[in-house]
Structure formats: structure tokens, C-alpha cells
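Observations on chain architecture
Below, each chain spelled out in residue letters.
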Protein chains: 2
Amino acid sequence: MDQKALFNLLEANTQSMISNLSVDCVIFTIQEGKLKVLLTKLLPKLGWMLPGGFINKDEAADIAANRVLFQRTGVDNIYLHQFKIFSDPDRFSFQAFYDKLENQIKESVDLSKLSERVISIGYFALVDFESIHLTGGMFDEVTKWTELKLLPDLMFDHLEIINEALKALRKELHFKPIASNLLPEKFTMPELQSLYEIILDRLIERSSFQKRVLKWDIYERLEEKREGVAHKRPFLYRFDAKKYDIAISQGIRFGI
Amino acid sequence: MDQKALFNLLEANTQSMISNLSVDCVIFTIQEGKLKVLLTKLLPKLGWMLPGGFINKDEAADIAANRVLFQRTGVDNIYLHQFKIFSDPDRFSFQAFYDKLENQIKESVDLSKLSERVISIGYFALVDFESIHLTGGMFDEVTKWTELKLLPDLMFDHLEIINEALKALRKELHFKPIASNLLPEKFTMPELQSLYEIILDRLIERSSFQKRVLKWDIYERLEEKREGVAHKRPFLYRFDAKKYDIAISQGIRFGI
DNA sequence: ATTTCATTGTGATATTTTGACACAATGAAA
DNA sequence: TTTCATTGTGTCAAAATATCACAATGAAAT
């Protein structure tokens, strides 16, 4: 990530991009028992924000969201769930950016070419921390995972976008269980329970959790058990896409 | 509704509107035991479509949706739920409109001023048929309720928008019960059950339905009963907004 | 006037689901 | 060899749900 990305933003590449329509991605993961979200900066001197960017003129929003996320963070090919659009006329202004720039950069920017407002489409995703590899040499300076409860000041309305994303995620859990994205291929029941507890921010009783989850009949218990734990070894489970499709077609819900 | 609305659309009022961003409203109601949706035409000769229009430059999308719906149908001040955006680059083209116009109209339109694509924000609402009064002299010709299972050919991707709206409505039922909008102030349990059956398109057992619904503790039974029925008179109920707020704050869900 | 009959309120019962808790099994760490 | 946190699983009670039954109702039919 270098100044080129900033220029792309500020010029909004007026030939190929729609300068009044953007996407913003709220990427959740769980690490060290905490729910975290991926933040980026355009330049080290600018504030933290969500990875986002403008939609190309010939591009569907879902495609744009994946492209932008990849360009900004190296995160590639994940399922992004569109959850809300943010259309307050005052939510974003190029002027606010412009004012923070150094004079050298300002000279190369023509504000009059940019639209007066930007509407943004919010996407969220849940990803497995271990399988995500962030790119860019200036990692810590312009890209970081931040604990949801310890967010820094964010630019524009990005705090609101994150809050809405969390609400939408919790709703969506009823219709799409998390294990398909957030966990590695093989996982244990206690691990799955822990995810629910972290995302829903409340404790869940162990025995009834297991009974409820297994009744969905979308997880297959394997012969193997998790190795190297200092106590009884838990069974490994695997998400079964076929059983999941069957369950969905029967209108099952995944309430916890 | 006259040709002026059409001109507004085609010129997209370039001074005050964002010509690449629109809203479309899927208004559901139940009449004669059928789930119906509100369709409109811009002109009698043009095809059926959803009530929709462009967003003003200084306007939030939710406001635009209500304004557009009112202008096109006379339906005022209802809760519109934003459910999805439609961003396929080929989903809409002004050209398609243009080609269907008469020469006289064509001469007054400058296509080059219009954007090449339009992204639309989908809204849905559930309304009580009896309390809705459609305006406009050409009612049947340009505005009508249509049974969902007997939809005519629709312009653009509006069939897809309706299908997605129905999916979203069924999901949303878990978090927001319908009786607050779709029913008149006073209603009976069998009427409420009928709504669920129509919207979910399946039969529900009577006794357990009533027990489940009453356990939500958001409906208040009145002393009165429905008059003029040729059998036992059912009790009337009323939606209790305060109890509803309490229930919501406790994270209750309204699964059926 | 009387009977009919579809519909509703409600209870009885069985079944399923959930919650709370107990306890033996496990296996690395002490 | 012992310790001990964790896990799988069972038991039991409580709550929720499904199934069925039946009396009450009151306009419509006779």
C-alpha cells in the first residue's frame, strides 16, 4: 500500500469508477478469545478505517467488495455478506480527506471532479484467523486486527458500520451457522461453542449446546480426536456441505 | 401520474438527483387470502414495474424510498425495510426505456446525460390493505395490486427483486412480528394465523400457534369479540408497543 | 322455532426440547 | 504416581411443542 492507493481514492479514477458509490468491508475474526475486526489506513498519517473503495463502472457490488478487500489487505476469495447501505448525505466527504493532506499531495487533486457525497454498501465476513495472510510491507502501520471492544477512533461513520455489521452477523447466525467459514476444516465442539460465546457475548451451557447443534445434522463427527491437550481429548467434527444443503432446503434454523 | 414523471425519470433531473442510484419498493399486502404486491407503470404503454425512483442528491436512501413510494402510489409514511441492493451492471439501462418511447418523446431526451448503469436499493413493506388508499386517476392502468403467484412480465430485474424481498420478509418475521403493520388495530388470533400461513405458504396447527404467539407477550387480549360471524366469536387482540419494546430489549425471537 | 354446522376457546395428554447438574474418563503437567 | 482441568455422556426436572378432543357459539339452513 502506497500513495498510489490514495491517489486512486481521491481521484476516484474518474474514468473507470463510480465516484459516489463505494463498498466497505467489516472482516471479523476470533483470535486469543477475542472478536476482532480488520482495520486499514490509506497512509500512516491518516486515520484508521475499514477496508473499502469505489465500485468500477462495469462491476457488480459483490465483485467490487472482494476486489477492494484483496487490494487493500491481501485477503482473497471469501464470502462477503452484504448487510446494509449507508446513505446519510453527510456521512462522507472528500473535503475531509483533502483537508488532512499535505500541500504536495493537495496540488495533484482536483476536488471538483469528485461527487459531493458517497453512499457505501456494507459487507461483513467471518474468517478463520489462521488461514488469513495479510499482505503489504507496512503491515502494522496500515493494516491490523483490532479487538472490537478496543476500537480506536475511526474515520467517517465506520464505527456505526461496524456496530451494524455485528448486529447483522448475530442475526445471520440463525440462518447460516458459522462453522463453514470461521473454523478450520476440522474442529471440536468446545471450539465451536467458544465461537458462539464470543460472538454472542454470553455464556452457553455445554451439554445443551452440544445436543442442539448436533440435532441440526450438519456436522459429521470424525474418528480422530484433537491431540496434545492436557486432559480428555475432544472429538473432531467436520462441516458437511451436503447435509447443510438438505437442512437449508427443509427450512431449518440455527438458533442458539 | 402523467408523462412528467417519465421525463423526470429519463432526464433523471440531473441537477437534483443521483442518476446512477435508485430505490425500488416491494409493497406486500394480503387481500382475499392472497399475498399481493403493488405494481406500477410509468405510462400505460410501458411495462409493469415496482414503484421506484432516483435518490436526490441531498437525501438519505430511506427518505427517498418513502418519497418515491408516495409520489408514485400515494402510500404514505410506512415502515420500509431495506433488504438488499441490486448492482448487476446490466440490470438496468436507460437505453431500454428509450427504445420503447415514441419519437415525440425521444426528441426531448438526452441519453448522453444519463449514467450507463443504475444500482438500486431494495425496500419492502407489509401493509394493511384496508388502510392503504392509492391515488392517481389512472388507477387500474398504472397502479395495481397483483397476486404474487400471478405476476405479469416485469421490467428489468424486478421479478428478482420481488423474490428476494419475499425471502427477506420471511427471514425478518423472526425478528419483527407482522401484526404491527399488516393488520388493523384490532384483530383475532385466527386472522393472525392466516397471515402467517399465507406469508410462509404452509399450514400451521391452531392450538400450538396460539400458545406460542401469546407467550411472546406482545399482544393484549381485549374484552370485545369480533361481531357478525356465523359461529363462535373470536376474541380481539391488540398489538402492545410497550410490551413489544420490552420483548425486543430482552432479545426475544418470534419464530413460527 | 328448531336444527345444522363451521369455527373457536380451551383442556388433556404425549412427545420433544431445553436446562441444570453429576460423574467417570482422559492424559499432559506437576 | 498423582493431580486436575476438560470432555463425553447420562439423569432428571422443567419447559415447550404437537396432537387430539370436546364443548360453546351463533348465523344460516330447515
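Whatever comes next refers back to the structure up there.
Figured I'd write up the structure that's included with this text. What you are looking at is a predicted structure, and each value in this text was computed from that prediction instead of being measured. (Residues numbered from 1 in each chain as written. Chains lettered and ligands numbered in written order. Predicted model: local features only at pLDDT ≥ 70, side-chain atom pairs only at ≥ 80, totals over all residues. Heavy atoms only, no water.)

Moving on, we come to the pattern of salt bridges. All names here are of chain B. Taken as a whole and judged by the stated rule, the model has 30 salt bridges over all chains. Measuring nitrogen to oxygen at the nearest pair gives 3.9 Å for the salt bridge that ties Lys-36 to Glu-32. The residue Lys-84 makes a salt bridge to Glu-164 at a minimum N-O spacing of 3.4 Å. Separated by 80 residues along the polypeptide, Lys-84 in strand E4 (residues 81-86) and Glu-164 in helix H6 (residues 158-172) bring together distant segments of the chain. (Salt bridge = Lys/Arg side-chain N within 4 Å of Asp/Glu carboxyl O. Helix = DSSP H or I, 4+ residues; strand = E, 2+ residues; numbered from the N terminus.)

Bringing the protein's contact with DNA strand D into the picture now. The local shell around DNA strand D holds 22 residues, among which Arg221(A), Glu205(B), Arg212(B), Lys232(B) and Arg233(B) are the closest. Taken together, the sugar and phosphate atoms account for 58% of what DNA strand D places within 4 Å of the protein. Residue Phe235(A) places a main-chain N or O atom 2.9 Å away from a phosphate oxygen belonging to DNA strand D. In the environment of DNA strand D, a phosphate oxygen lies 2.8 Å from a nitrogen or oxygen atom belonging to the side chain of Arg212(B). It is helix H9 (residues 206-215) of chain B that contributes the most residues to the surface near DNA strand D, 6 residues altogether. (Near = heavy atom within 4 Å. Polar contact = N/O pair within 3.5 Å; in protein donor to acceptor, adjacent residues only side chain to side chain.)

Overall, the coordinates contain 21 aromatic pairs over all chains when judged by the stated rule. It is Arg221(A) that lies over the ring of Phe235(A); its NZ or CZ is 3.8 Å from the centre. It is Lys176(B) that lies over the ring of Tyr79(B); its NZ or CZ is 4.3 Å from the centre. (Phe/Tyr/Trp six-rings, centres within 6.5 Å; stacked < 30°, edge-to-face > 60°. Lys NZ or Arg CZ within 6 Å of the ring centre and 35° of its normal.)

This part is about the protein's contact with DNA strand C. Close contacts around DNA strand C come from 22 residues, with Arg212(A), Lys232(A), Arg233(A), Arg221(B) and Phe235(B) the closest. Sugar and phosphate atoms represent 57% of those atoms of DNA strand C found within 4 Å of the protein. One nitrogen or oxygen atom from the side chain of Arg212(A) is found 2.8 Å from a phosphate oxygen belonging to DNA strand C. Backbone polar atom of Lys232(A) to a base oxygen of DNA strand C: 2.4 Å apart, as the coordinates give it. If you list the elements that add at least two residues to the surface near DNA strand C, you get helix H9 (206-215) of chain A together with H9 of chain B.

So, on to the interface of chain A and chain B. Contact with chain A, which involves 27 residues of that partner, is made by 28 residues of chain B. Taken as a group, Ile85(A), Arg117(A) and Phe175(A) account for 23% of the area that chain A buries against chain B, more than any other trio of residues on that side. Here chain A is connected to chain B by 2 salt bridges. Among the ionic pairs, Lys171(B) bridges to Glu172(A), the shortest N-O distance being 3.4 Å. Linking chain A to chain B there are 15 residue pairs in polar contact (both at pLDDT 80 or more). Of the residues in the side of chain A that touches chain B, the class split is 11 nonpolar, 6 polar and 10 charged. (Contact = heavy atoms within 4.5 Å. Buried area = accessible area lost by both parts, 1.4 Å probe. Nonpolar A, V, L, I, M, F, W, Y, C, P; charged D, E, K, R; others polar.)

Right, let's talk about the relation of the copies chain A and chain B for a bit. Mapping chain A onto chain B calls for a screw motion: a turn of 179° about the axis and a shift of 0.0 Å along it, with 0.1 Å RMSD after fitting. Here the transformation between the copies is reduced to the relation of a two-fold axis. When C-alpha positions in chain A are compared against the rotation axis, the closest is assigned to Lys84(A), at 3.5 Å. Comparing interface residues between copies, 100% of those in chain A also lie at the interface in chain B; the contact surface is shared. (Least-squares fit on C-alpha atoms with pLDDT ≥ 70 in both.)

The subject of this paragraph is the packing of helix H8 (residues 189-200) of chain B against H9(B). Residue and element names in this part refer to chain B. It is the contact of H8 with H9, at a shortest axis distance of 11 Å, that shows an interaxial angle of 100°. Classified by the angle their axes make, H8 and H9 are roughly perpendicular. Counting all contacts with H8, which are made through Met-189, Leu-192, Gln-193 and Tyr-196, the residues of H9 involved are Arg-206, Phe-209, Gln-210, Val-213 and Leu-214. (Axes fitted to C-alpha atoms, helices over the stretch in contact; angles between N-to-C directions. Parallel < 35°, antiparallel > 145°, perpendicular 65-115°, else oblique.)

The periodicity of an α-helix, 3.6 residues per turn, causes residues three or four positions apart to be oriented the same way. For helix H6 (residues 158-172) of chain A, which comprises 15 residues, the first-to-last C-alpha distance of 20 Å matches the rise-based estimate of 21 Å (1.5 Å per residue) to within 8%. Contacts made by the buried residues of H6(A) are with strand E1 (17-31), strand E2 (34-40), strand E4 (81-86), strand E5 (119-127) and helix H8 (189-200) of chain A together with H6 of chain B. (Expected span 1.5 Å × (residues − 1).)

Residue and element names in this part refer to chain A. Across the sheet, 3 strands lie side by side as E7-E9-E8; this open sheet has antiparallel pairing. The open sheet has two edge strands with one neighbour each: strand E7 (186-187) and strand E8 (219-225). With 4 bridges joining them, E8 and strand E9 (residues 235-239) adopt antiparallel strand pairing. Looking across to E9, one finds that Tyr-219 is bridged to Phe-239. (Pairing = 2+ DSSP bridges.)

Turning next to unusual backbone geometry. Even without glycine at this site, Phe156(A) takes up a positive phi of about 55°. Note that Phe156(A) resides in the loop between strand E6 (143-147) and H6. A positive phi angle, near 55°, is found at Glu32(B), a position not held by glycine. In this structure, Glu32(B) sits in the loop between strand E1 (17-31) and strand E2 (34-40).

Strand pairing in a sheet takes place through backbone hydrogen bonds and is either antiparallel or parallel in direction. All names here are of chain B. Taken in spatial order, the 3 strands of this open sheet run E7-E9-E8, and their pairing is antiparallel. Because the sheet does not close on itself, it has two edges, and the strands there are strand E7 (186-187) and strand E8 (219-225). Across 2 bridges, E7 lies against strand E9 (residues 235-239) in antiparallel orientation. Along E9, the bridge assignment pairs Lys-186 with Arg-238.

Residue and element names in this part refer to chain B. Extensive coverage of strand E5 (residues 119-127) is indicated by the burial of 9 of its 9 residues. Along E5, one buried face is formed by Ile-119, Ile-121, Tyr-123, Ala-125 and Val-127 and the opposite face, lined by Ser-120, Gly-122, Phe-124 and Leu-126, is buried too. Sheet topology places E1 next to E5; 9 bridges connect them, and they run parallel. Bridge assignment links Thr-29 to a residue of E5, and that residue is Val-127. Across 5 bridges, E4 lies against E5 in antiparallel orientation. Note that in E5 the partner of His-81 across the bridge is Phe-124. (Buried < 20%, exposed > 50% of the residue type's maximum accessible area, 1.4 Å probe, protein only.)

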